[in-house]
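# Survey of secondary and tertiary structure
Each chain, written out:
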Amino acid sequence: MSGIKQKSLALYHWFDRRLGFAKPITEAAEHPIPRSSASWWYVFGSAAAVILALQVVTGILLALVYTPTARDAWNSLNFMNHGLTLGWFLRALHGWGSDFMIAIVLIHMAQVFTFGAYKFPRELTWIVGVFLLLLTLGMAFTGQVLRFDQDAYWGLGIGASILGRVPWIGGDLVHLMLGGPIIGATTVSRFFALHVFVIPGILVALVGVHVWMVLRLGINEWPMPGRLVRKATYVQEYEAEIHKDGIPFVPDAAWKDAMFAAAIILAIAACALFFGPIGPGGPPDPTIIQTVPKPDVPFLWIFAMFALLPPKLETPILLTAPVVAILAMLGLPLYAGEGEKHWSRRPVAVLMLTVIAVSIAIFTRLGQTEPWSPKMNAWSGDAIPTRFLKGRTPLEQEGVVVFQQMQCRNCHSLNGIGGERGPDLSRVATRLTESQLIRQVLQGGGNMPAYGDSLSPQETTALVRFLETLNGNERPAQNDVLRLTQGESAPPSAPSPVPPNRSQ
Amino acid sequence: MKNPLKELIKNPIVKNPLNEPSEHSRRKFLFQLALLLNGAVGAILAVPVLGYILGPVFKRNRSYNYWVPVGNLEQFPPGQTRLGQYRNPDTTPADGQTATLPCWVRNIDNKSFQVFAINCAHMECPVHWFPQSKLFMCPCHGGVYYQDGAVAAGPPPRPLYQYKYKIAGNQLLIWAGELPTLSTQASIAKPGSSPCLG
């Protein structure tokens, strides 16, 4: 037994005599860190690196089968899902790994921001980190394109539309992005090159720089209120702390990193096992237009902003906001490189982080529900609740048919069922008088199309008669107008069970 | 004890006594010359590399567009708007289905037509035609257009893109070949007139 031990030791020395890795690796692993930094809050960076390794490995395995052409990509993904042993699981690991990676990178960034760890002398570590975030998002977008399904196809259209808004060189940028005049084979192959060679290459190199700086400058100490960062004294104070009360990174702090990394990889594997691979969705055939394109979760908040920005400001905001946001993130450590690190003394920072996080969460949720979008099949699919049909005259019932036939339901819901683009019309008669209803239907306005061209006078009359019955058993708007014009005093609120216009 | 971290921050450049200029002025000059030579070689190589990368941009100066058929006239009855499709003129076999593109053909009176791009002018999503309400609706951000392509509601910054068309025998041809965006517009840039409803 000891013979084997001696032989392997000799082998180890043979290699280390030539490689010389042992000393620098041991020194890096055992470098002293502040005792306070051996915290569960400090595990996200290493977890992100471990997920990156998972993505690289699973990515290479997917590349064994994936065919990067517009014609075959979708088929090769389906072949992986259904025709290849455990192909679905590898795709699922890569897909869920991507979502986890973005989440962990964002949490890591929020933690570093909250703990003031970007301050002197770690400004450049933060700046490189900002580029790592952008590269991670770049991987998510290009990866979504490689899952070449309907969402990917139309998502490329959204990308082209944004580039097409750039003044002067917009057209050139569109062609550069697509690799040709339309979304096709050259588009898929260049996104493949970006996703597999260009971005990962830069990403891995910058991760190396990032980790090098963490080792070189030391892990941020746990912030204490009132303990200010000053460029003149910080390094001496930090050195003093790790000499007085430092602990070796391996194993005293690294066990938490390792535990957390294992838990995260296990969580990704569990998601992959239970929820399966992400897509592919419908085939990337542009002639199949019965589709509601949507980007992946990390980009839903941006997708939602496109619908909610004022149309006139959209292009200027689209072209300037990302630049401003990135410059702000890059400039943060240069602007606030000294001073307080503790969150309790940095209320503006905490408020900013909260507002940004809550906003992105709200916009993501809106992106999932898409209340601004007409519901394309509501006119043919959603029933009219019976209470809106009972006791209606033939003309009013004809109006119901017009209401459905003319796709009003795609934007207007009744009793909460239907599109949400326009207001719910269950009680529209309490808001608009007959003449207002006619004007609104025929001329549109307030973001509603005009129907004057597509409705006959007979249809208009029927539709408005039906809409006038939608008063929720309250006083119709018409009565208020009549009351005001006749100068009557307001009667106590007494909803009439039968709307007057129906008893006529 | 000297602190290496502090030393490195204070004085990051490593000094080497062998690197005194008097010792090696000729070799230093040759090294710099070699660097310059490499720079020149790199610059020369960069020309074809950039040309290759920017190929799709240079191609744009020649037109991507050609007359392509969208179907026989019988497919597009008068007074109706129907989905047509065409094979993009500039394709490779690897394009597969993506090179067959749809468009909306509106036959106004058998003499005049309007051929709209499928792409919403807002974010390129495919617009759906609803013949009953005579509206195009977009599934992405709520863009709505009238039958002549004018914006009816929502965020689109301009009317639907239109293709130039001509009739050859029994066939409807359109002048098409590139994805229409705000800067690479379909063949007719002039917006359709909006209906007078006032």
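Position numbers for residues count from 1 along each chain, tracking the sequence in the order it is written. Naming scheme: in the order in which they are written, chains are lettered from A and ligands are numbered from 1. Two thresholds apply to this predicted model, a pLDDT of at least 70 for residue-level local features and 80 or more for giving and counting side-chain atom pairs, whereas whole-chain, interface and lining totals are computed over all residues.

### Considering the overall build of chain B
Quick note on the threshold: A run of DSSP states H or I qualifies as a helix once it reaches four residues; a run of E qualifies as a strand once it reaches two. Both are numbered from the N-terminal end. Every C-beta atom is placed from the backbone, and the number of other C-beta atoms within 10 Å of a residue's own sets its class: buried at 20 or more, exposed at 12 or fewer, partly exposed in between. Note that contacts rest on C-beta atoms placed from the backbone: two residues are in contact if these are within 7 Å.
The secondary structure content of chain B amounts to 3 helices and 11 strands. Counting helices and strands in the order they occur from the N terminus, chain B gives α-α-α-β-β-β-β-β-β-β-β-β-β-β. Counting the 198 residues in chain B, one finds 38% classified as buried. Within chain B, contacts between residues separated by at least 24 positions form 50% of all contacts whose residues are at least 6 apart in sequence.

### A few points about the overall build of chain A
For chain A, the count of helices and strands is 21 helices and 4 strands. Taken along its principal axes, the extent of the C-alpha atoms in chain A is 105 × 60 × 55 Å. Relative to its full complement of 504 residues, chain A shows a buried share of 38%.

### So, helix H13 (residues 311-335) of chain A
Heads up, the condition is: One fewer than the residue count of a helix, multiplied by 1.5 Å, yields its expected span. The angle between axes fitted to the seven-residue stretch ending at a residue and the seven-residue stretch beginning at it gives the bend at that residue.
In a regular helix each residue adds 1.5 Å, so 25 residues correspond to 36 Å; H13 of chain A covers 34 Å between its end C-alpha atoms and thus fits that length. Along its length, H13 of chain A shows its largest kink, about 45°, at Ile-317 of chain A.

### Here we look at the domain arrangement of chain B
Test applied: Domain borders in the structure are assigned automatically or taken from a domain database.
One can read the domain layout of chain B as domain 1 (23-62) and domain 2 (66-176). A straight line from the C-alpha centre of domain 1 of chain B to that of domain 2 of chain B covers 47 Å.

### A look at unusual backbone geometry
All names here are of chain A. Here Val-250 and Pro-251 are connected by a cis peptide whose omega angle stands at 5°. Residue Gly-279 is joined to Pro-280 through a cis peptide bond whose omega torsion reads 0°. In the Ramachandran plot, Asn-415 falls in the positive-phi region, its phi being about 55° despite a non-glycine side chain. Residue placement: Asn-415 occurs in the loop between strand S3 (413-414) and strand S4 (417-418). Unlike most non-glycine residues, Asn-447 shows phi in positive territory, near 70°.

### Notes on the interface of chain B and chain A
Filter applied, for reference: All residues other than Ala, Val, Leu, Ile, Met, Phe, Trp, Tyr, Cys, Pro, Asp, Glu, Lys and Arg, Gly among them, are scored as polar; the first ten of these are nonpolar and the last four charged.
Listed per partner, the contact involves 56 residues of chain B and 58 residues of chain A. For the side of chain B that touches chain A, the residue count by class is 29 nonpolar, 20 polar and 7 charged.

### Topic: the pairing of strand S3 (residues 100-107) of chain B
Residues and elements named next belong to chain B. The cut-off we apply is this: Two strands are counted as paired when DSSP detects at least two bridges linking them.
With 6 of 8 residues buried, S3 is to be regarded as a mostly interior element. In terms of strand pairing, strand S2 (residues 80-87) meets S3 through 8 bridges, oriented antiparallel. For Arg-82, the partnering residue across the bridge sits in S3 and is Val-105. Pairing analysis gives 5 bridges linking S3 to strand S4 (residues 113-117), with the strands arranged antiparallel. Across the sheet, residue Asn-107 finds its bridge partner in S4, namely Phe-113. Where S3 hands over to S4, the hairpin turn is made up of 5 residues, of which Asn-110 adopts a positive phi near 75°.

### A closer look at the domain arrangement of chain A
Partitioning chain A into structural domains gives domain 1 (32-369) and domain 2 (378-503). Between the C-alpha centres of domain 1 of chain A and domain 2 of chain A there is a distance of 48 Å.

### Here's the deal with the sheet that holds S2 of chain B
Whenever strands of a sheet pair, they do so through backbone hydrogen bonds, lying parallel or antiparallel. Residue and element names in this part refer to chain B. Read across the sheet, 4 strands follow the order S2-S3-S4-S9 without closing on themselves; strand pairing throughout is antiparallel. The open sheet has two edge strands, S2 and strand S9 (162-163), and neither has a second partner. Here 2 bridges tie S4 to S9, and the two strands are oriented antiparallel to one another. The residue bridging Val-115 from the neighbouring strand is Tyr-163, located in S9.

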